Amino acid sequence: MTETVNSAVKRSLGFAVRARSWFREFREIALMCMVYNIKRFVKQ
C-alpha cells in the first residue's frame, strides 16, 4: 500500500526533491504527502 501512495505522489507532484539539507528534504516530502492527502480528501 505504501508503494502505491509513493507512486501516486511521484506521478502527481513530481519525483525530484529539490532541497539540499536533510531537514529541508524532510519538510518538502512531508508537505508533498500533506498535499496528496488533501487532494484525496477533497476528491471524496
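Below: a short report on this structure.

What counts and what doesn't
Residues numbered from 1 in each chain as written. Predicted model: local features only at pLDDT ≥ 70, side-chain atom pairs only at ≥ 80, totals over all residues. Heavy atoms only, no water. Helix = DSSP H or I, 4+ residues; strand = E, 2+ residues; numbered from the N terminus. Expected span 1.5 Å × (residues − 1). Buried < 20%, exposed > 50% of the residue type's maximum accessible area, 1.4 Å probe, protein only. Arc of directions from axis to C-beta. Contact = heavy atoms within 4.5 Å.

Concerning helix H1 (residues 2-13)
Phase 1: Helix length check: H1 (twelve residues) gives 16 Å between terminal C-alpha atoms against 16 Å at 1.5 Å per residue, within 8%.
Phase 2: Count one or two residues on from H1 and you reach Gly14, which has phi positive near 100 degrees.

With respect to helix H2 (residues 22-43)
Each full turn of the α-helix corresponds to 3.6 residues, which orients residues three or four apart in the same direction.
Phase 1: Spanning 22 residues, H2 covers 32 Å between terminal C-alpha atoms, matching the ideal 32 Å at 1.5 Å per step.
Phase 2: Within the span of H2, buried status applies to Glu28, Met32 and Tyr36. With its buried residues spanning 75 degrees around the axis, H2 presents them on a single face. Of the exposed residues in H2, those oriented more than 90 degrees away from the buried face are Trp22, Phe26, Ile38, Phe41 and Val42.
Phase 3: Lining the buried residues of H2 we find H1.

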